[in-house]
Amino acid sequence: MHIINFDRAGGRSPAMGAPYESTRNNARIRGGRGFRAKKFDAITAVDNVDLNIKKGEVFALLGASGCGKTTLLRLLAGFEIPTDGQIVIDGEDMQSIQPYNRPVNMMFQSYALFPHMNVSKNIAFGLKQDRVPRAKIKQRVDELLELVHMKELFNRFPHQLSGGQRQRVALARSLAKSPKLLLLDEPMAALDKKLREQMQLEVVNIIESVGVTCVMVTHDQEEAMTMATRIGVMHDGKLLQTGTPHKVYEYPNCRRTAEFIGTVNTFSGTVIENSADHVIIDAPELNREIYVDHGISGSVGTDIWVAVRPEKMTIDTTPPSGEYNHARGVVEEIAYVGGLSIYHVKTQSGMIIRVTLANVDRLAEGRITWDDEVYLSWQPGAAVVLTW
């Protein structure tokens, strides 16, 4: 049986104060069995998922539109039922439990605040539905207003709030009933870039201070890498790789992961020498061999790909030394983006290679420019060999 397992502590912070309590929210999230698939007619939206989520961590499902990440979130919320397998939280099978009775809350992309209720009433709504005593509701709402920095705005209505303020209210409302699992659906999509960057860390700090386990879905890789403890990359309903942002970025396990997370140059090639401490690959696109400073599981003659991130390459007008890991080309495009310059270099084979340089020198502009003949190179440890 394939498993989604909410398992042991993975967060850094204790739960906030003495929140509203109910019998279904006190138990730790641990153990469990997960679902295997979700199909819509002939289409498999979630396929063969096997996932462990630690208590207290922020886990991000990352992938392009249509990859299955939102369906996975809806399955956890109870809005969809698995075609095959189970979802079990804290030893309890969620199959027959309605969404409103699950120890799960979701913050929607649109925030879905009640326009006729002020901030305090929006936050208190779920508690009132559960017939929590009025004194406990007020205490919990006051705690959450303090937590999300909205104490002075408790009496305002949603239309009187900024985008970031509405997001804080939606987050407070979703935390009011102390859920075991908080689901975030594209939480920053409605914000402009500057506010989005500010809110990413603010939302994570709030989630960690409460100690709730969080699963978020996003197609924004920067958002996922900023907010998440771990990332799961999805494609065609399958979970390709899970790991910390650093691990997924630096050590992708396949071409799709490498190409989806950040920007990468990939060179196809054939293994011509494979030892414990190095591998040499013939790369026709470069008209040169690539040297990587570790062995791989494949044998001589295996077709593979070599991935090199643009920031790990150097660009110069003079030829590098050595016979491996460099290419010659002509600068076709330069994108100046403030802190970085991105060079698009066309090689003799017609391949475009991207190189990123930090703009640390204010006088550097114009040293390498359009139509210059340049040489690109990288260290043996900068490359990752991908076998699929």
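If you're wondering where the values come from, they're calculated on a predicted model, not measured in any experiment.

## What to know about the pairing of strand β20 (residues 340–347)
At step 1: Because side chains alternate across β20, one face comprises the buried residues S341, Y343, V345 and T347, and the other comprises L340, I342, H344 and K346, none of which is buried.
At step 2: Taken together, the seven bridges between strand β19 (residues 326–336) and β20 define a ladder with antiparallel strand orientation. Note that in β20 the partner of Y336 across the bridge is S341.
At step 3: Between β19 and β20, which pair antiparallel in sequence order, lie three residues; one of them, G338, sits at a positive phi of approximately 85°.
At step 4: Note that β20 and strand β21 (residues 352–358) share seven bridges and pair antiparallel. Within β21, the position partnered with Y343 by the bridge is V355.
At step 5: Taking the residues between adjacent antiparallel strands as the criterion, β20 and β21 are bridged by four residues, where G350 takes a positive phi near 95°.

## Let's talk about the pairing of strand β13 (residues 238–243)
At step 1: Where strand β12 (residues 230–235) lies against β13, five bridges are found, and the strand directions are antiparallel. Each residue of the ladder has a partner; that of V233, found in β13, is Q241.
At step 2: The turn joining β12 and β13, which pair antiparallel and follow one another in sequence, is formed by two residues; a positive phi near 50° is taken by D236.

## Focus on the sheet that holds strand β18 (residues 314–316)
At step 1: As summarised here, the arrangement of the five strands in space is β18-β22-β19-β20-β21, forming an open sheet in which the pairing is antiparallel. The outermost strands of the open sheet, each flanked by one partner alone, are β18 and β21. Geometrically, the sheet is characterised by an average inter-axis angle of 40° between neighbouring strands, direction not taken into account.

## A closer look at the packing of helix α4 (residues 163–175) against helix α5 (residues 193–210)
At step 1: For the pair α4 and α5, interaxial distance at closest approach is 11 Å and the crossing angle is 20°. By the criterion of interaxial angle, the relationship of α4 to α5 is roughly parallel. Crossing geometry of α4 relative to α5 is assigned as right-handed. Here G163, G164, Q167, R168, L171 and L175 of α4 come into contact with α5, specifically with L195, Q198, M199, E202, V203, I206 and V210.
At step 2: Looking at the contact of α4 with α5 residue by residue, the class counts come to seven nonpolar, four polar and two charged.

## Brief notes about the sheet that holds strand β11 (residues 213–218)
Strand pairing in a sheet relies on backbone hydrogen bonds. The paired strands run either parallel or antiparallel.
At step 1: In spatial order, the strands read β9-β10-β11-β5-β12-β13; together these six strands make up an open sheet with mixed pairing. In the strand order of this sheet, the two ends are held by β9 (104–107) and β13, each with one partner. Pairwise comparison of adjacent strand axes, ignoring direction, gives a mean angle of 20° for this sheet.
At step 2: Here five bridges tie strand β10 (residues 181–185) to β11, and the two strands are oriented parallel to one another. For L182, the partnering residue across the bridge sits in β11 and is C214.
At step 3: Set on the sheet, helix α1 (residues 69–77) makes contact with β5 (58–62), β9, β10, β11 and β12; between it and β10 the angle comes to about 150°.

What counts and what doesn't
- Residues numbered from 1 in each chain as written.
- Predicted model: local features only at pLDDT ≥ 70, side-chain atom pairs only at ≥ 80, totals over all residues.
- Heavy atoms only, no water.
- Buried < 20%, exposed > 50% of the residue type's maximum accessible area, 1.4 Å probe, protein only.
- Helix = DSSP H or I, 4+ residues; strand = E, 2+ residues; numbered from the N terminus.
- Pairing = 2+ DSSP bridges.
- Axes fitted to C-alpha atoms, helices over the stretch in contact; angles between N-to-C directions.
- Parallel < 35°, antiparallel > 145°, perpendicular 65-115°, else oblique.
- Left-handed = near helix turned anticlockwise from the far one by under 90°.
- Contact = heavy atoms within 4.5 Å.
- Nonpolar A, V, L, I, M, F, W, Y, C, P; charged D, E, K, R; others polar.

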